[in-house]
Amino acid sequence: MANILALVEHRQGTIRDITYELLTYGRKLAEKMDGKLTGVILGHNTGDFTESVKKHAHRVVVADHEVFKDFNAETYQHALADIIQKENPFLTLIGNTAFGIDLCPALATQLGVPFTTDCIGVEIADKKVRVTRQLYDGKMDAHVYLSEGPSYMLTLRSGTCAAEEGNLTADIQKIEASITSQPDYKKFVEYIEAAVGDVDITKADVLVGVGRGIKEQANMSMIEDFAKAIGGVVACSRPIVDANWLPKDRQVGSSGKTVKPKLYIAVGISGAFQHIAGMKNADTIIAINKDPNAPIFNEADYGIVEDLFKVVPALKNKIMEMKQ
Amino acid sequence: MDLIVCIKRVPQTAEAEVKIDGSGKDIVKDRLTFDMNEADSYALEEAILLKEKSGGNITAVSLGSAEAEDTLRIALAKGADSAIRIKLEDFGELDGFKTAALIREAIKDIKFDAILTGCMSTDDSYYQVGPTLAEMLGIPHATLVSKIEVADQKAHVHRELEGGLIEHLEMSLPAVFAVQTGINEPRYASLIAIRRAAGKEIKVIGKEEISSEAKLNSTLEELFIPPVGERAEILTGTPDEVSKRTAEIIKEKGLI
Ligand SMILES: Cc1cc2nc3c(=O)[nH]c(=O)nc-3n(C[C@H](O)[C@H](O)[C@H](O)COP(=O)(O)OP(=O)(O)OC[C@H]3O[C@@H](n4cnc5c(N)ncnc54)[C@H](O)[C@@H]3O)c2cc1C
């Protein structure tokens, strides 16, 4: 039978949203093959986790031990290798998250299982696995076949499917942890919270998001002036923080902040999925980008295909005029 | 500390028009510019900073076509001591797994304390080479690395997670670090250094020197343009006209 395993991802005592997407997606794939979905929980004090997950899977396998309280790819790899060998699933699904990226390639390599990463779609037909991946800054999609293997493993990008309410009642199977201490060569020490600054972009009604299209630090003042004119706050994409032009707490996206302003104006931002993840729920999105094929235009409500150095000053003037 | 840095030469596609070529499996590359993969340039800089602190040697490795030697020369100009190109043309279709297997073969006689890679490349976005290579070598790894501090063969490593949360790890060496962008400020190579690097030898190895049993994990079937959902309403006209219309839209929403 073609069963599917989905790994439950949690952090600091909470199940992460990607988990329910994996469970929803995994369950649909399993049902198409008349198989079962098994949710795998590695954690500590997992009672609440099990309660939440059991509605979403046919089976839940739980290994509860202190060593799994915080994520360490090494301990998880050890335990999962064991579980996968025993369960022999057709496919194992892991989130394409900071957690999954650290875990999947090494785990699959250890097991000799064909794998690929960052999938946005999975089809299974005649025991063949075909996935959709994104290449070239999100400007191309590709269909990719996994090579034939005894089992398969994938990381799935968040947002690939919407999590659905669960209506199952899984059988719960508790198992012993096959590893009980962290290895000397890789130890989790602590989580360190991101520094907080004086501006909270999550509270602003109007955000002007600036990206690499701004080219030089000297041009940042143009964006500051524009934001001031419109009564907004400056936020940015990751490269602006990488270059130290703005502090980390201004970064919008998966490794930055999630914002929901009334208006988000994206200036010189291409629209990588990691950025979109942080701003797609803004009420209105306006994008200014000179590249008509920039993925940001798939997300925006209004688009201006033009040189930002021409549009931003002109728009600032119009807004100033209107205010008078 | 002896270090190996893995570097890839990639097309710069963020601002370019990207088209599918006749094979249906690749993009038209002749009008694109190429550069060192962004995350790899941070990995290289991190290696140079580690070397500046504790001495040692840096070997830059690239699996690429002959043009990748230009990218390796930039690495030499910035501070790498030697460079190896693995002949892309010798090994057919690749994925992250086979790439890692070939790099493993290419570095098997090199002594090292750490291998640095970028956390992913912007062309095929695998996120695979670093952690896969580590597993093949039987050494620990960390991905999305945003800080490395080494003392007494121990590394204190930060990984950057969702929302900017940091995971702090203690690791022993040797290890593989897949570096995230923003970990440092990559330097520019000086003109003198570039000129000096032009004369340095790059070791080129191909199927005569290395072989790999590694099979592909995956095969690309076809490329296609991503389906678009509901696209933005594109405002057209002169910068002045689109600005006027945009300002009106913002006003209609009650935000001016
Ligand atoms: C694990 C991980 C986490 C990440 N987390 C985040 C995150 O939280 N947030 C984030 O933003 N990114 C994140 N990234 C990076 C992300 O993948 C992209 O690299 C990044 O978002 C690109 O930023 P950008 O759009 O500013 O730059 P680019 O992609 O380089 O785009 C620049 C854009 O500017 C346009 N442009 C250039 N000049 C002009 C001009 N004169 N006028 C108008 N337009 C112009 C170009 O057409 C282009 O579309 C993450 C990456 C990884 C691997």
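Going by the structure above, here's the rest.
Right, let's walk through the structure included here. (Residues numbered from 1 in each chain as written. Chains lettered and ligands numbered in written order. Predicted model: local features only at pLDDT ≥ 70, side-chain atom pairs only at ≥ 80, totals over all residues. Heavy atoms only, no water.)

Another point: the overall build of chain B. Along the backbone of chain B there are six helices and 13 strands. A separation of at least 24 residues holds for 68% of the contacts in chain B among residues at least 6 apart in sequence. With the model as given, the accessible surface of chain B reaches about 11,400 Å², and the carbon-plus-sulfur share is 49%. Positive and negative side-chain charges in chain B, numbering 31 and 45 respectively, have mean positions lying 3 Å apart. (Helix = DSSP H or I, 4+ residues; strand = E, 2+ residues; numbered from the N terminus. Contact = heavy atoms within 4.5 Å. Areas by Shrake-Rupley, 256 points an atom, 1.4 Å probe, with all protein chains shown as cover. Lys, Arg positive; Asp, Glu negative; His and termini not counted. Charge placed at Lys NZ, Arg CZ, Asp CG, Glu CD.)

So, about the overall build of chain A. Along chain A, the regular secondary structure elements total eight helices and 17 strands. Along the longest, intermediate and shortest principal axes, the C-alpha atoms of chain A span 70 × 45 × 40 Å. Every one of the 324 residues in chain A was classed for burial, and the buried ones make up 60%. Here chain A has roughly 13,100 Å² of accessible surface; of this, 46% comes from carbon and sulfur atoms. Here chain A carries 36 positive and 42 negative side-chain charges, and the mean point of each set is 3 Å from the other. (Buried < 20%, exposed > 50% of the residue type's maximum accessible area, 1.4 Å probe, protein only.)

All names here are of chain B. Packing of helix α3 (residues 96-106) against helix α4 (residues 129-137) brings their axes to within 9 Å, and their N-to-C directions diverge by 50 degrees. Viewed along their axes, α3 and α4 adopt a mutual orientation that is oblique. Crossing geometry of α3 relative to α4 is assigned as right-handed. Each of G96, F97, T99, A100, A101, I103 and R104 in α3 lies in contact with α4, whose residues at this interface are V129, T132, L133, M136 and L137. Class assignment for the residues of the contact of α3 with α4 results in eight nonpolar, three polar and one charged. (Axes fitted to C-alpha atoms, helices over the stretch in contact; angles between N-to-C directions. Parallel < 35°, antiparallel > 145°, perpendicular 65-115°, else oblique. Left-handed = near helix turned anticlockwise from the far one by under 90°. Nonpolar A, V, L, I, M, F, W, Y, C, P; charged D, E, K, R; others polar.)

This brings us to the pattern of salt bridges. Counting across every chain of the model gives 44 salt bridges over all chains. As a salt-bridge pair, R212 of chain A and E38 of chain B come within 2.9 Å of each other at their nearest N and O atoms. In this pair, R212 of chain A sits in the loop between β13 (206-210) and α5 (220-230) while E38 of chain B sits in helix α1 (residues 38-54), so the two residues belong to two different chains. Looking at E38 of chain B, the relative accessible area reads 26%, which means it is partly exposed. Here K215 of chain A and E15 of chain B are joined by a salt bridge, their closest N and O atoms 3.9 Å apart. Of the two residues, K215 of chain A is situated in the loop between β13 and α5 and E15 of chain B in the loop between β2 (9-11) and β3 (34-36); the pairing between them involves two chains. A residue is classified by how much of its surface remains accessible, and K215 of chain A, at 46% relative accessible area, is partly exposed. With relative accessibility at 47%, the residue E15 of chain B sits in the partly exposed group. (Salt bridge = Lys/Arg side-chain N within 4 Å of Asp/Glu carboxyl O.)

Residue-level contacts link 88 residues of chain A with 85 residues of chain B. With both sides pooled, the region where chain A packs onto chain B buries about 7,500 Å², and carbon together with sulfur makes up 56% of that total. Our enumeration of links across chain A and chain B arrives at 11 salt bridges. Between R159 of chain B and D102 of chain A there is a salt bridge, and its shortest N-O distance comes to 3.6 Å. Where chain A meets chain B, there are 48 residue pairs in polar contact (both at pLDDT 80 or more). Residue contributions to the side of chain A that touches chain B peak at eight residues, all from helix α8 (residues 308-323) of chain A. Across the side of chain A that touches chain B, the residue classes tally to 38 nonpolar, 22 polar and 28 charged. Sheet analysis places strand β17 (residues 302-305) of chain A next to strand β13 (residues 233-234) of chain B, joined by two bridges and oriented parallel. Within β13 of chain B, the residue paired with G303 of chain A across the bridge is I234 of chain B. (Buried area = accessible area lost by both parts, 1.4 Å probe. Polar contact = N/O pair within 3.5 Å; in protein donor to acceptor, adjacent residues only side chain to side chain. Pairing = 2+ DSSP bridges.)

What follows is about the sheet that holds strand β4 (residues 58-64) of chain B. Reading across the sheet, the 10 strands line up as β12(A)-β9(B)-β8(B)-β7(B)-β10(B)-β6(B)-β1(B)-β4(B)-β5(B)-β11(B) and stay open at both edges, with mixed pairing between neighbours. Two strands lie at the open edges of the sheet, namely β12 (186-192) of chain A together with β11 (202-205) of chain B, each paired on one side alone. With strand direction ignored, the average angle separating the axes of adjacent strands in the sheet is 30 degrees. Of the pairings in the sheet, the one linking β12 of chain A to strand β9 (residues 166-172) of chain B comprises six bridges and is antiparallel in character. Paired with K186 of chain A across the bridge in β9 of chain B is M171 of chain B. Of the strands in this sheet, β12 of chain A together with β7 (141-151) and β8 (154-160) of chain B touch helix α4 (residues 98-111) of chain A, which is tilted by about 90 degrees from β7 of chain B. Seen against the sheet, helix α2 (residues 68-78) of chain B touches β4, β5 (82-87) and β11 of chain B and runs at an angle of roughly 165 degrees to β5 of chain B.

Okay, a nonpolar patch on the surface next. Taken together, the side chains of I74, L191 and I194 of chain B define a hydrophobic patch exposed on the protein surface, amounting to about 260 Å² of accessible area. The topology assignment puts I74 of chain B in helix α2. (Patch = residues over 30% accessible without salt bridge, like charges linked within 9 Å, V, L, I, M, F, W, Y side chains within 5 Å.)

What follows covers the packing of aromatic side chains. Residues and elements named next belong to chain A. Applying the stated rule across the entire model yields seven aromatic pairs over all chains. By the ring-pair criterion, three or more aromatic residues cluster together here, those being F68, F71, Y76 and F99. When the ring centre of F273 is taken as origin, the NZ or CZ atom of R157, which lies over that ring, is 3.3 Å away. (Phe/Tyr/Trp six-rings, centres within 6.5 Å; stacked < 30°, edge-to-face > 60°. Lys NZ or Arg CZ within 6 Å of the ring centre and 35° of its normal.)

Counting through the fold element by element, S178 of chain A comes out in the loop between β11 (171-175) and β12. For S178 of chain A and K55 of chain A, which are 123 residues apart along the polypeptide, the C-alpha to C-alpha distance reads 26 Å.

The α-helix winds at 3.6 residues per turn, so residues separated by three or four positions along the chain end up facing the same way. Of all the residues in α5 of chain A, the buried ones are M220, I223, F226, A227, A229 and I230 of chain A. Residues of α5 of chain A that are buried in the fold lie against β13, β14 (233-236), α6 (238-242), β15 (263-267) and α8 of chain A together with α6 (239-252) of chain B. Where α5 of chain A ends, the next residue or the one after it, G231 of chain A, has phi of about 75 degrees, a positive value.

Let us now look at the sheet that holds β13 of chain A. Spatial strand order, β14(A)-β13(A)-β15(A)-β16(A)-β17(A)-β13(B): six strands in an open sheet with parallel pairing. Strands at the two margins of the open sheet, each flanked by one partner only, are β14 of chain A together with β13 of chain B. The pairing of strand β16 (residues 284-289) of chain A with β17 of chain A spans four bridges and is parallel. Each residue of the ladder has a partner; that of A287 of chain A, found in β17 of chain A, is G303 of chain A. Each of β13, β14 and β15 of chain A is contacted by α5 of chain A, which is oriented at about 165 degrees to β13 of chain A, the strand it contacts most.

Moving on, we come to the side chain of T71 of chain B. Residues and elements named next belong to chain B. Within the fold, T71 resides in helix α2. Residue T71 is classed as buried on the basis of its relative accessible area of 7%. Each residue touching T71, except ones within four places of it in the same chain, is listed here: I7, R9 and M36.

By themselves these figures say nothing about function.
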